Amino acid sequence: MKEMTDEEADYLDEYYTKNPPEIDPDTNGGFAARSFKMVALDRLSENYLLTRAMATHKTPTEIIGELVRKEIAAQASA
């Protein structure tokens, strides 16, 4: 995966300082999916998410959430 340049990091820092993500209380305190835009994926990950999203009728955000929860559970039981 490509590394972020200093200019890109400065831009994102300034952008999210001025435009913090909104908290959506309906998602148990989580970030509203529409306000979290800082995501960079490699081609394989992008294809996997889109294919799985179409097959399961879930959003890529839901799939990522499931993967993260599985990883947390695996780490907790290790």
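Residues numbered from 1 in each chain as written. Predicted model: local features only at pLDDT ≥ 70, side-chain atom pairs only at ≥ 80, totals over all residues. Heavy atoms only, no water.

Asks: Just to check I follow, could you spell out the overall build of the chain for this structure?
Replies: Along its length, the chain carries three helices and zero strands. Ordered by position in the sequence, the α and β elements of the chain form the string α-α-α. Relative to its 78 residues, the chain shows a buried fraction of 9%. Long-range contacts, defined here as pairs at least 24 residues apart, represent 11% of the contacts in the chain between residues at least 6 apart. (Helix = DSSP H or I, 4+ residues; strand = E, 2+ residues; numbered from the N terminus. Buried < 20%, exposed > 50% of the residue type's maximum accessible area, 1.4 Å probe, protein only. Contact = heavy atoms within 4.5 Å.)

Asks: Help me understand the pattern of salt bridges, please; the structure alone is not making it clear to me.
Replies: A side chain of one charge can pair with a side chain of the opposite charge when the charged atoms of the two come close. Counted under the stated rule, the structure contains three salt bridges. Between Arg52 and Glu66 there is a salt bridge, with the nearest N and O atoms lying 3.8 Å from each other. Of the two residues, Arg52 is situated in helix 2 (residues 43-56) and Glu66 in helix 3 (residues 60-77); the sequence distance between them amounts to 14 residues. Here Arg52 falls in the partly exposed class, since its relative accessible area comes to 22%. Salt bridges here are not isolated pairs; linked through shared partners, they connect Arg52, Lys58 and Glu66. (Salt bridge = Lys/Arg side-chain N within 4 Å of Asp/Glu carboxyl O.)

Asks: Please explain the packing of aromatic side chains as it appears in this structure.
Replies: The geometry of an aromatic ring pair comes down to the distance between the two centres and the angle between the two planes. In the structure shown here, the tally under the stated rule is one aromatic pair. With a centroid separation of 6.2 Å and 25° between ring planes, the pair formed by Tyr11 and Tyr15 is classed as stacked. Pair noted here: Tyr11 and Tyr15 are both in helix 1 (residues 6-18), with a separation of four residues, about one helical turn. Taking the relative accessible area as the measure of exposure, Tyr15 reaches 27% and is therefore partly exposed. (Phe/Tyr/Trp six-rings, centres within 6.5 Å; stacked < 30°, edge-to-face > 60°.)

Asks: Looking at this structure, how should I read a negative patch on the surface?
Replies: Among the surface-exposed residues, Asp6, Glu7, Glu8, Asp10 and Asp13 lie close enough to one another that they form a single negatively charged patch. For Asp10, the position within the fold is in helix 1. Judged by its relative accessible area of 53%, Asp10 is exposed. (Patch = residues over 30% accessible without salt bridge, like charges linked within 9 Å, V, L, I, M, F, W, Y side chains within 5 Å. Areas by Shrake-Rupley, 256 points an atom, 1.4 Å probe, with all protein chains shown as cover. Lys, Arg positive; Asp, Glu negative; His and termini not counted. Charge placed at Lys NZ, Arg CZ, Asp CG, Glu CD.)

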